[in-house]
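Geometric and topological summary
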Amino acid sequence: MNITSHCLVPAACVSDPPRAEALFREQQTNLCARTDLMFAGLLVFQWLVGVMIAASVSPIAWAGSSSQIHLHVWASVFLLGIVISVPLALVVWRRGSTLSRHSIAIAQALTSSLLIHLLGGRIEAHFHVFGSLAFLATYRDWRVLITATFIVAADHFLRGTFWPESVFGTMTAEWWRWLEHAGWVVFEDAFLILACVRGTAEMRSMAAKTAQIETNKAIVEAKVIEQTAELRAKAVALVEAKEHAEAANLAKSAFLANMSHEIRTPMTAIMGYSEALLDPQQTLSDRHDALLVIRRSSRHLLDLIDDILDISKIEADKMTVEKLPTNVVQIVSEVVSILRPAITAKGLQFRIEFGDLIPKQIISDPIRLKQILVNLIGNALKFTSQGHITIHVSSRSDCGDCLVEFEIRDTGIGMTPEQIELSFEPFTQADVSTTRKFGGSGLGLTISKRLAILLGGELTVSSTFGQGSSFFATVNGGPDSRIEYLRGLTEQSVTVQATPGKTEPQIELHGRILLAEDGPDNQRLLSLHLRRAGAEVVVADNGRIAVHLARLQSFDLILMDMQMPEMDGYSATSRLRASGMTIPIIALTAHAMPEDRDKSLAAGCSDYLTKPIEKLKLLSTIARYLPTQVEKTEASTVEALPTTATAKKSGVIRSTFSDDPDMGMVIFEFVESLPDRMTTAVKFLQEQNYAELRRLVHQLKGAGGGYGFPQITEIADRVERQIANADPSAEIMDGIKELGEIISSIDCKVDLTETQRA
């Protein structure tokens, strides 16, 4: 049984048991090797002492007159020499081995026996045995003590039996005398063995601690190396971030400088021509030209502001898109109508190409899709001075969805690989001089790429410097299984709407409006638009006055500026709503972020308009909320829904294409069909035939905007969603009623040629 196996080191101290065991074995071997050397010297020293004792005590044996060297001397010289020669040889060749220390234990026990013999069995000589055992305990190996004890006991037994004088100093001795001596040796062994076990346990503990230290050192060193690498990486990252931040700051500075130039250019024109209008010597023609320049510069300035707002919403992750039925060919038609005159004026050719299969209608955001195409074609127009611009429309199926791809090719200046990498980065120009040379905000491509991603697609570019560029915009059109495809489309499939000389639809308003606005210029401008449209206007300079007037007088609608002194529009609206006032309140604000709209609606506003206020948008928004003058009937009867023949118009609505002679006849036919459709809608509602009613309303939704009546599309879309959501029939009836009111407000007058009338 291995007693040292019970002397275990606590597990918490040993992180690497194999390493701890190896260290223990190494320490044990080193200890045994050093002890071997010590005993080698001790054995030689004892041999010399034994010879000296033999030579001094009984050097010569006499027999009468003759003498000879005593046998003790020869025993000391040769016998003891032979005994120590074996362990000495093992110390030289097998130092630290188990065999060497056991041979030393045997030699040491025999040396003690010889010395006891040489000293005549004196009791003092027996202490050499106890000293030898104590020295042997230095090995910290209890088995060595057992070997030495066995030799001592055997020697005492044999010599005590056959030669007691040599071991006990008497001629005769009791038989148990050797047991007495052996008992004292065992008594000492008990303490020495315990010391060996404890010493071994301490060695194991030290080995475990050393292993733990080595492990911790390795961990710390690895951690230091890792942290050093991390610190170096962070240092490199910080340098790169610093360089990137500096580059971004430079880019933003350049962007702001370009923006300043772009904003100041139209502002200079606006201010200059405004001053010119005050000159009394200006002719009517000069004033007309000045107003056109002011209007064009104002729209350009508004486009720049819209781009900045769009990129701000994108950077703040506030940009949202809708999922609406979108006519692909119609979107292309509208974009071509907007940009073809500018392309033609620049002397460029414009081509439209279609792939084999083109979706008739997809689910996307038509406004954002149009914005992408206008940006890309406008970008091509900006950088192309000769040649052509081509838009190629195609589609493909991807994982069950229909992807529509728009490729815009140009023969412009092209881009280098370095410029391509920067082309979609916000606030970064592919070429800093580009914006100053060609104009624009430089944000169009960035906005278009982000919008394409929001629409489930991507925007990429390939370009050759000096030869032109190709931009590829894809959008996800929805499940492929629900798509109806068109074949054989050509450029003639796109109807180009005439935009030059187009007049705004005339809207008439009837009602009393409270305008809460603190800016004198805005007061005059908005009052002018409202009064010319037929409304009565009362002006309040701030929210406090607006609340006071609204409580004293009767109004049909309130236009509420949200930023005013004394009391802002949010507080004024909240107070009016808290007092029980339910008339429509439309917010006017220069803040155009989604959270500003939500804040206005949360305060109690019915709708929301952003500054600068466009006349047509202002009047059309107000027209939706002013009370209509229709023949009063029971609210529960469906037959009372207004039609073209019965409703009195609260505001005249004309098609946005009414000045296009090519569209005149089709618009006339569409408008003529609307009363019958409304009659059919009323019939379906009475019969609760919601499936057919939804189909009819869906047709109106798709056709309304296409014929220039976005109001019809907007209301029809809402009614369709009410039917789909199984809303109460009363709400559906209200929607049909509102749709009838819009239809009754349409001005059917269109200019038809004699051929068209025929």
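Residues numbered from 1 in each chain as written. Predicted model: local features only at pLDDT ≥ 70, side-chain atom pairs only at ≥ 80, totals over all residues. Heavy atoms only, no water.

A few words now on the overall build of the protein. When its secondary structure is counted, the protein shows 23 helices and 16 strands. In the protein, buried positions account for 43% of the 758 residues. Long-range contacts, defined as pairs at least 24 residues apart, comprise 72% of the intrachain contacts of the protein with a sequence gap of at least 6. Of the roughly 40100 Å² of accessible surface on the protein, a fraction of 58% belongs to carbon and sulfur atoms. (Helix = DSSP H or I, 4+ residues; strand = E, 2+ residues; numbered from the N terminus. Buried < 20%, exposed > 50% of the residue type's maximum accessible area, 1.4 Å probe, protein only. Contact = heavy atoms within 4.5 Å. Areas by Shrake-Rupley, 256 points an atom, 1.4 Å probe, with all protein chains shown as cover.)

Our next topic: the packing of helix 4 (residues 127–136) against helix 5 (residues 142–162). Orientation of helix 4 relative to helix 5, taken along the N-to-C sense of each, is 160°, at an axis distance of 9 Å. As far as their axial angle goes, helix 5 and helix 4 are roughly antiparallel. Handedness of the crossing formed by helix 4 with helix 5: right-handed. Mapping the contact onto sequence places Val129, Leu133 and Leu136 in helix 4 and Val144, Leu145, Ala148, Thr149 and Val152 in helix 5. Of the residues belonging to the contact of helix 4 with helix 5, the class tally is seven nonpolar, one polar and no charged. (Axes fitted to C-alpha atoms, helices over the stretch in contact; angles between N-to-C directions. Parallel < 35°, antiparallel > 145°, perpendicular 65-115°, else oblique. Left-handed = near helix turned anticlockwise from the far one by under 90°. Nonpolar A, V, L, I, M, F, W, Y, C, P; charged D, E, K, R; others polar.)

A few words now on helix 15 (residues 543–552). Turning to helix 15, its buried residues are Gly543, Ala546, Val547, Leu549 and Ala550. Among the structural elements, strand 12 (512–516), strand 13 (536–540), strand 14 (557–561) and helix 16 (569–578) are those in contact with the buried residues of helix 15. Near the N-terminus of helix 15, the side chain that reaches the backbone nitrogen of Arg544, with its oxygen 3.1 Å away, is that of Asn542. (Polar contact = N/O pair within 3.5 Å; in protein donor to acceptor, adjacent residues only side chain to side chain.)

Now for the sheet that holds strand 7 (residues 388–398). Either a parallel or an antiparallel arrangement is found when strands of a sheet pair, and the pairing is made through backbone hydrogen bonds. One open sheet accounts for five strands, arranged 4-7-8-10-9; its pairing is mixed. Of all strands in the sheet, those bounded by a partner on one side alone are strand 4 (349–354) and strand 9 (458–464). Each neighbouring strand pair of the sheet contributes to a mean axis angle of 15°, computed without reference to strand direction. Helix-sheet contacts for helix 10 (residues 366–382) involve strand 4, strand 7, strand 8 (401–410), strand 9 and strand 10 (468–479), and the interaxial angle to strand 8 is about 20°. (Pairing = 2+ DSSP bridges.)

We now examine the packing of aromatic side chains. Counting across every chain of the model gives four aromatic pairs. Aromatic side chains Phe39 and Tyr139 sit 5.7 Å apart centroid to centroid with 5° between the ring planes, which places their arrangement in the stacked category. Taken together, the residues Phe39 in helix 1 (residues 17–57) and Tyr139 in the loop between helix 4 and helix 5 connect sequence positions 100 residues apart. Of the two residues, Phe39 and Tyr139, both sit in the buried class. With a centroid separation of 6.3 Å and 50° between ring planes, the pair formed by Phe127 and Phe130 is classed as tilted. One end of the pair is Phe127 and the other is Phe130, both in helix 4 and three residues apart, which spans about a single turn. Among the residues examined, Phe130 registers a relative accessible area of 26% and is labelled partly exposed. One cation-aromatic arrangement involves Lys599 over Tyr570; the distance from NZ or CZ to the ring centre is 4.4 Å. (Phe/Tyr/Trp six-rings, centres within 6.5 Å; stacked < 30°, edge-to-face > 60°. Lys NZ or Arg CZ within 6 Å of the ring centre and 35° of its normal.)

Before going further, it helps to examine the side chain of Asp36. Note on placement: Asp36 falls in helix 1. Buried and unpaired, Asp36 has no salt bridge, with Arg95 as the nearest side chain of opposite charge at 6.2 Å. At a separation of 2.6 Å, a polar atom in the side chain of Asp36 contacts the main-chain amide nitrogen of Gly96. Setting aside its immediate chain neighbours within four residues, Asp36 contacts Val91, Arg95, Gly96, Ser97, Ser100, Arg101, Ile104 and Tyr139. (Lys, Arg positive; Asp, Glu negative; His and termini not counted. Salt bridge = Lys/Arg side-chain N within 4 Å of Asp/Glu carboxyl O.)

Here the focus is the nonpolar core. One finds Val393, Phe406 and Ile408 to be the most contacted residues of the largest nonpolar core, which totals 45 residues. Secondary-structure elements contributing two or more residues to this core are helix 9 (328–345), strand 4, helix 10, strand 7, strand 8, helix 13 (444–454), strand 9 and strand 10. Apart from residues no more than four positions distant in its own chain, Phe406 is found in contact with Val328, Val332, Leu369, Leu373, His392, Val393, Phe471, Phe472, Ala473 and Val475. In terms of nonpolar packing, the next biggest core, distinct from the first, is built from 26 residues, Ala40, Ile151, Val152 and Leu192 among them. (Core = buried A, V, L, I, M, F, W, Y, C linked by side-chain atoms within 4.5 Å.)

Moving on, we come to the packing of helix 9 against helix 10. At a minimum axis separation of 10 Å, helix 9 and helix 10 run at an interaxial angle of 25°. On the basis of the axis angle, helix 9 is roughly parallel to helix 10. Along this stretch, helix 9 crosses helix 10, giving a crossing that reads as right-handed. Between helix 9, through Ile331, Glu334, Val335, Ile338, Leu339, Ala342 and Ile343, and helix 10, the contact on the second element is made entirely by Pro366, Leu369, Lys370, Leu373, Val374, Ile377, Gly378 and Leu381.

Of note, the phi angle at Arg140 is positive, near 60°, even though the residue is not glycine. For Arg140, the position within the fold is in the loop between helix 4 and helix 5. Notably, Glu566 is not glycine yet its phi reads approximately 70°, a positive angle. Structurally, the position occupied by Glu566 is in the loop between strand 14 and helix 16.

Next up on the list: the pattern of salt bridges. For the coordinates displayed, the defined rule picks out 14 salt bridges. The partner of Arg19 in a salt bridge is Glu214, with the nearest N and O atoms 2.7 Å apart. Taken as a pair, Arg19 in helix 1 and Glu214 in helix 7 (residues 177–277) lie far apart in primary sequence, 195 residues in all. Through salt bridges that share partners, Glu21, Arg25 and Arg204 make up one connected network.

Next up on the list: the pairing of strand 7. In this sheet, strand 7 lies alongside strand 4 in parallel orientation, the contact comprising six bridges. Bridge pairing in strand 7 links Ile352 to Ile391. Note that strand 7 and strand 8 share ten bridges and pair antiparallel. Within the sheet, the bridge partner assigned to Asp398 lies in strand 8 and is Asp401. Counted between consecutive antiparallel strands, the loop separating strand 7 from strand 8 contains two residues, among which Cys399 sits at a positive phi close to 55°.

This part is about the confidence of the model for the protein. Summarising the model, the protein shows a mean pLDDT of 76, and 77% of its residues fall at 70 or more. Within the model, pLDDT remains below 50 along residues 498–502, and this stretch shows six contacts once partners closer than five positions in the same chain are excluded. Note that pLDDT drops below 50 for residues 749–758; the model gives that stretch twelve contacts with residues more than four away or on any other chain. (pLDDT = per-residue confidence, 0-100.)

As a further point, take the environment of Gly160. Locating Gly160 in the fold gives a position in helix 5. Along the backbone, Gly160 and Glu174 are 14 residues apart, and their C-alpha atoms lie at a distance of 8.6 Å.

Our focus in this paragraph is empty space enclosed by the protein. In total, this model carries three cavities of 30 Å³ or more according to the counting rule given. Ala109, Ser112, Val129, Ser132, Leu133, Leu136, Ala148 and Val152 together form the lining of the second largest cavity. When residues of the lining of the second largest cavity are traced back to their parent elements, those giving at least two are helix 3 (98–118), helix 4 and helix 5. Here the element with the most residues in the lining of the second largest cavity is helix 4; it accounts for four residues. Classifying every residue of the lining of the second largest cavity by side-chain character gives six nonpolar, two polar and no charged. (1 Å grid on protein atoms, 1.4 Å probe; cavity = no way out; pocket = protein on both sides within 12 Å on 5 of 7 lines; lining within 4 Å. Points joined across faces, edges and corners; volume = space filled by probe spheres on them.)

Before going further, it helps to spend a moment on the sheet that holds strand 16 (residues 607–610). The strand order 13-12-14-15-16 describes an open sheet built from five strands, whose pairing is parallel. Where the open sheet ends on each side, the last strands, each with one partner, are strand 13 and strand 16. With direction set aside, neighbouring strand axes in the sheet form an average angle of 20°. Pairing analysis gives five bridges linking strand 12 to strand 13, with the strands arranged parallel. Pairing of Leu515 across the sheet is with Val539, part of strand 13. In this fold helix 15 packs onto strand 12, strand 13 and strand 14, with an angle of close to 135° to the strand it touches most, strand 13. Against the sheet, helix 16 touches strand 14 and strand 15 (585–589), its axis set at about 150° to strand 14.

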